[in-house]
Amino acid sequence: WSLALQALVRLVAVAAWLGSRRQQFPAATAGWFSAADWRREILPYQWKLAVTTVAVFLLYRAFTPIVLAGMGAAAAARFGLSLAIMGSWLSITSAWPASQIANLGRLTSASKTEELRHAFRAMFAGSTGLAAAGAAATLVLLWTLDHLGLPFAERSAGFGATALLLASAVIH
């Protein structure tokens, strides 16, 4: 219940904050986007966002407790560490694409399709390459620590599980 309560409190807090600042939003934009526009332009993408949100919730909030219940505290701790490594790397590598949103939006609104494609391809290739290189470096470090007999490597879920988690971060 604590997870559901935390999500509810966040929702109420955000709604209250937005409600308290409603007068700061431009009044001219209130009628320019109708419900029909919303159903046609935004709703088709909402299901993807909903699936992603549920997947992230299950991955970060529920997976480690499931491992705890099924495999014990030691396995849950090891999995939690590997999951934290993956989550940290995912956060770091998400910064590059997020920083390009304004530029991509500007090119989209100006209908500069070729520039948009070029900017997207460059951003995609660069951020994916960075993610893959960082994931590989993390795995090399984990492998090195394991072969040196240092305790950090023993505290992770293992090379294979961590590799799969990092691969999912690269694919993301």
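Residues numbered from 1 in each chain as written. Predicted model: local features only at pLDDT ≥ 70, side-chain atom pairs only at ≥ 80, totals over all residues. Heavy atoms only, no water.

S.K.: Looking at this structure, how should I read the pattern of salt bridges?
M.R.: If charged atoms from side chains of opposite charge come close, those side chains can pair. This structure, assessed with the given rule, holds 1 salt bridge. Salt-bridge contacts for Glu114 lead to Arg117; the nearest nitrogen and oxygen are separated by 3.4 Å. Linking Glu114 with Arg117, this pair stays in helix α5 (residues 113-147), spanning 3 residues, or about one helical turn. Note on Glu114: relative accessible area 56%, which makes it exposed. Residue Arg117 is classed as partly exposed on the basis of its relative accessible area, which comes to 42%. (Salt bridge = Lys/Arg side-chain N within 4 Å of Asp/Glu carboxyl O. Helix = DSSP H or I, 4+ residues; strand = E, 2+ residues; numbered from the N terminus. Buried < 20%, exposed > 50% of the residue type's maximum accessible area, 1.4 Å probe, protein only.)

S.K.: Even after reading the chapter, I still don't get the nonpolar core, so can you show me in this structure?
M.R.: Generally speaking, a soluble globular protein has its nonpolar side chains buried in company with each other. Counting 9 residues, the largest nonpolar core is built from Val67, Ala75, Ala76, Phe79, Leu83, Met86, Leu90, Leu165 and Ala169. Only α3 (73-99) and α7 (159-171) provide two or more residues apiece to this core. Considering each element in turn, this core owes the most residues, 6 residues, to α3. Within the second largest apolar cluster, 6 residues are counted, among which are Ala131, Ala135, Leu139 and Leu166. (Core = buried A, V, L, I, M, F, W, Y, C linked by side-chain atoms within 4.5 Å.)

S.K.: What is the right way to read the side chain of Ser82 from this model?
M.R.: Mapped onto the fold, Ser82 is located in helix α3. Of the residues examined, Ser82 reaches a relative accessible area of 0% and is grouped as buried. At 2.7 Å, the side chain of Ser82 and the side chain of Thr162 are in polar contact. If we skip the residues at most four places from it in the chain, Ser82 touches Ser156, Ala157, Gly158, Thr162 and Leu165. (Polar contact = N/O pair within 3.5 Å; in protein donor to acceptor, adjacent residues only side chain to side chain. Contact = heavy atoms within 4.5 Å.)

S.K.: What exactly am I supposed to notice about the confidence of the model for the chain here?
M.R.: The predicted structure's coordinates, where accompanied by low pLDDT, should not be read in detail. When pLDDT is averaged along the chain, the result is 82, and 90% of the positions lie at 70 or above. When pLDDT is averaged over each element of the chain, α5 comes out on top at 91 and helix α6 (residues 151-154) at the bottom at 76. (pLDDT = per-residue confidence, 0-100.)

S.K.: When you look at the packing of aromatic side chains in this model, what are you seeing that I'm missing?
M.R.: One pair of aromatic rings is described through two measures. These are the centre distance and the angle between the planes. If you walk through the whole model with that rule in mind, you get 1 aromatic pair. For the pair Phe120 and Phe124, a centre-to-centre distance of 5.9 Å together with 15° between the ring planes defines the contact as stacked. On the criterion of helical spacing, the pair formed by Phe120 and Phe124 is a turn pair, its members being 4 residues apart in helix α5. (Phe/Tyr/Trp six-rings, centres within 6.5 Å; stacked < 30°, edge-to-face > 60°.)

S.K.: Which parts of the structure should I look at to understand a nonpolar patch on the surface?
M.R.: A grouping of Leu5, Leu8, Val9, Leu11 and Val12 is seen on the molecular surface, where their side chains present a nonpolar patch of about 490 Å² in accessible area. Among the structural elements, Leu8 can be located in helix α1 (residues 2-20). (Patch = residues over 30% accessible without salt bridge, like charges linked within 9 Å, V, L, I, M, F, W, Y side chains within 5 Å. Areas by Shrake-Rupley, 256 points an atom, 1.4 Å probe, with all protein chains shown as cover.)

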